[in-house]
Amino acid sequence: MSLDLTPMLSPARPLDSADALEDRLREIGAARYHDRHPFHHLLHGGQLTKGQVQAWALNRYYYQCSIPVKDAVVISRFRDRATRIEWRHRLEDHDGSETTEGGIERWLILTDALGLDRGYVEKTEGILPATRFAVDAYVHFVRDQTPLEAIASCLTELFAPNIHRERIAGMLAHYDFVNPGVMAYFQRRLTQAPRDADYALRYVRAHATTPETREAVCNALIFKTQVLWTQLDALHHAYVLGHIPPGAFVPEEMR
Ligand SMILES: O=C(O)c1cc(C(=O)O)c2c(n1)C(=O)C(=O)c1cc(C(=O)O)[nH]c1-2
């Protein structure tokens, strides 16, 4: 007897309207978003060592610094000026500007507090190979798929505020090396992510007008949940099970 361990989605309803599309997207999120991953349960439940949290933050930095690159590629896919203007603030949200701090800087405040050297973090030398492959696959996806799928792939952000709230509360409660200043990155995302997700959802509802394009939107979201899940699988394999690949960061307690 074969055993299907993937979470069950309800029997596929035809994607014959924007509402059916939205319902399917929310089902995909409920079944596949990385809030279900065991590594997140350990992180938010205070069950990781400081070294394991360092490994998470170091690897996640690669996602952070690649997001504005990804968004610049998304912008490059549109000849339509209104869409480019709408998407532009995302670059500043992460990169900041000459006068304002962005998300990447806030992430470095977190890695500083964890005792990681900034130069080492920014070089990204010590990240897991799977982190690099997964994140790069996201950048390549928005370059290679249709502009509609490029936008749809950010729809995981629909589900991000809940996990951010859970992470802020969990990490503040459980780790003595975390304080509200350190969690500023996630606090800020609580207002940024809903705006971004709302726009993307409205966009796919309006522009995916056939069952085929709605299916493509769903598959883009599934792809993105896999980008996120793969990163946590790799962290779990390396830092919970102890199989750290050659060249990757080794926490002090595992040396
Ligand atoms: O902490 C998280 O679980 C999480 C998830 C996601 C996501 O769902 O892709 C993003 C973020 N955080 C985030 O901080 C962020 O800036 C972000 C941008 C994007 C995107 O696809 O454009 N996703 C996410």
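Reading the values: rules and limits
Residues numbered from 1 in each chain as written. Predicted model: local features only at pLDDT ≥ 70, side-chain atom pairs only at ≥ 80, totals over all residues. Core = buried A, V, L, I, M, F, W, Y, C linked by C-beta atoms within 7 Å. Buried ≥ 20, exposed ≤ 12 C-beta atoms within 10 Å, placed from the backbone. Helix = DSSP H or I, 4+ residues; strand = E, 2+ residues; numbered from the N terminus. Contact = placed C-beta atoms within 7 Å. UniProt positions renumbered as here; feature names shortened; annotations may be inferred. Near = placed C-beta within 6 Å. Nonpolar A, V, L, I, M, F, W, Y, C, P; charged D, E, K, R; others polar. Axes fitted to C-alpha atoms, helices over the stretch in contact; angles between N-to-C directions. Parallel < 35°, antiparallel > 145°, perpendicular 65-115°, else oblique. Left-handed = near helix turned anticlockwise from the far one by under 90°.

1. Some thoughts on the nonpolar core
Part 1 of the argument: The biggest cluster of nonpolar side chains holds 30 residues, and the ones touching the most others in it are Ala57, Leu58, Met183 and Leu235.
Part 2 of the argument: When residues of this core are traced back to their parent elements, those giving at least two are helix 2 (38-44), helix 3 (50-76), helix 5 (103-113), helix 9 (160-174), helix 10 (184-207) and helix 11 (211-240).
Part 3 of the argument: Setting aside residues up to four positions removed in sequence, Met183 forms contacts with Ile168, Met171, Leu172 and Val178.
Part 4 of the argument: By size, the runner-up hydrophobic cluster in this structure holds 27 residues, among which are Leu155, Phe159, Ile163 and Tyr203.

2. Comments concerning the UniProt feature "domain: Thiaminase-2/PQQC" (unreviewed entry) in the protein
Part 1 of the argument: UniProt's feature table lists "domain: Thiaminase-2/PQQC" (unreviewed entry) at residues 23-233, given in the numbering used throughout.
Part 2 of the argument: Within residues 23-233, the helical portion is 76% and the strand portion 0%, while the C-alpha atoms at the span's ends are 27 Å from each other.

3. Things to note about the environment of Ala193
Part 1 of the argument: Tracing the sequence through the fold places Ala193 in helix 10.
Part 2 of the argument: Judged by the 21 C-beta atoms lying within 10 Å of it, Ala193 is buried.
Part 3 of the argument: It is 15 Å that separates the C-alpha atoms of Ala193 and Tyr33, two residues lying 160 residues apart in sequence.

4. So, the site of the ligand
Part 1 of the argument: In the region of the ligand, the neighbouring residues are Ile67, Cys154, Thr156, Glu157, Ala160, Ile163, His164, Arg189 and Leu228.
Part 2 of the argument: For the shell around the ligand, the leading source of residues is helix 9, giving 3 residues.
Part 3 of the argument: Residue classes in the shell around the ligand are distributed as 5 nonpolar, 2 polar and 2 charged.

5. Digging into the packing of helix 3 against helix 11
Part 1 of the argument: Direction vectors running N to C along helix 3 and helix 11 enclose 150 degrees, while the axes themselves pass 11 Å from each other. Taken together, the axis directions place helix 3 and helix 11 in an arrangement best described as roughly antiparallel. Two packed elements cross with a definite hand, and for helix 3 against helix 11 that hand is right-handed. Between helix 3 and helix 11, the residues in contact are Gln52, Ala55, Trp56, Asn59 and Tyr63 and Gln231, Leu235 and Tyr239, respectively.
Part 2 of the argument: Grouping the constituent residues of the contact of helix 3 with helix 11 by class yields 5 nonpolar, 3 polar and no charged.

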